[in-house]
Amino acid sequence: MPEDIPGIHHVTAIASDPQQNLEFYTDTLGLRLVKQSVNQDDTSVYHLFYGDRTGSPGTSMTFFPYPGARPGQVGTGQVSTTAFTIPADAVEYWVDRLEQAGVDADEPRERFGETVIPFRDPDGLPLELVGVADAPAGDPPAGSVPPERAIRGFYGVALSLEDTESTVRLLEEMGYEATDDEGDRMRYEAPIDLGAVVDLVAEPDRGRGQPGAGTVHHVAFRVTRDDQAEWREQLQNLGLRPTEIVDRKWFESVYTRTPGGVLFEYATAEPGYTVDEDLDELGERLVLPDWFEDRREEIEAGLPPLSVDTP
């Protein structure tokens, strides 16, 4: 048996305007652009990666921004909410910050004994900030948010499902344990500081999610290179249909559609975002996997302008 899954690696969502996306996640949320690349399945579209100072696993929110993309519809078979960890004593700071930035946000609420701030990004993607009393110090980037108030990384994700039973079996196989429930929400957790939580929300009457701007494309979980092939075999043993191992340059990936309809990825922590850029220069220029370098001129010509402020 492979080792248990130690939490979320990254979350990838669909956006519309790349410049608007960049400014929101760096200026408003204070994350760092740690990689500027392209969608490897559609090189006419950027792939933008945000995270902590190094883009470490458990902190990396990534986007495929399709200019003019139609809005999607969040529903069952999708990650319905992506949540980030903040220190509990930073809740008031973030309520004020989101309000001053004109962000579409709701009043804070309590869930499982913690304060949650629900809000939406410019494309309507549902997000949350969760105040955690013992939030890890993390490795916040230098930027517009003071380090003591900064987002630490992922808290977790919520999955909207017509039926939760089959997803429960998969999460338990991955080593997640049930820790709480509240109404139609069941909480599963991995023993790690960041990206530990997966909430299963039973919503049989919500309607099937439709992909588009403002929806999550997939959620990726952390594996090691040593365990990845075993995890692929284990997914097959569970009756799923995982892809072959795909080289994504900064990690290697296996994808599978879960019985509940959510696309899961199993991504290695290695080699990371500094394999092709110095730490101090992450995100400053368009970086392509080696197999696209001979097409750089063509690819760059097909991308919309993107203004990246460098420190």
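Source: prediction; values computed, not measured. (Residues numbered from 1 in each chain as written. Predicted model: local features only at pLDDT ≥ 70, side-chain atom pairs only at ≥ 80, totals over all residues. Heavy atoms only, no water.)

## Quick look at the packing of aromatic side chains
In step 1: The final tally for this structure, using the stated rule, is 13 aromatic pairs.
In step 2: Seen from their ring centres, Tyr-25 and Phe-63 are 4.6 Å apart, and the 45° between their planes marks the pair as tilted. Here Tyr-25 is found in helix 1 (residues 18-28), whereas its partner Phe-63 is found in strand 4 (residues 60-65), with 38 residues between them in sequence.
In step 3: Residue Phe-63 is classed as buried on the basis of its relative accessible area, which comes to 0%.
In step 4: Every member of this aromatic cluster is reached through a ring pair, and the members are Tyr-176, Phe-221, Trp-231, Phe-264 and Tyr-266. (Phe/Tyr/Trp six-rings, centres within 6.5 Å; stacked < 30°, edge-to-face > 60°. Helix = DSSP H or I, 4+ residues; strand = E, 2+ residues; numbered from the N terminus. Buried < 20%, exposed > 50% of the residue type's maximum accessible area, 1.4 Å probe, protein only.)

## A word on the sheet that holds strand 10 (residues 177-182)
In step 1: Spatially, 6-7-8-5-9-12-11-10 is the arrangement adopted by the 8 strands of the open sheet, whose pairing is mixed. Strands with a single pairing partner mark the edges of an open sheet, and in this sheet they are strand 6 (109-111) and strand 10. Taken over all neighbouring pairs, the strand axes of this sheet differ in orientation by 30° on average, direction set aside.
In step 2: The sheet contact formed by strand 5 (residues 78-87) and strand 8 (residues 126-132) spans 6 bridges and is parallel. Bridge pairing links Thr-85 to Val-130 in strand 8.
In step 3: Against the sheet, helix 2 (residues 91-100) touches strand 5, strand 7 (114-120) and strand 8, its axis set at about 15° to strand 7. (Pairing = 2+ DSSP bridges. Axes fitted to C-alpha atoms, helices over the stretch in contact; angles between N-to-C directions. Contact = heavy atoms within 4.5 Å.)

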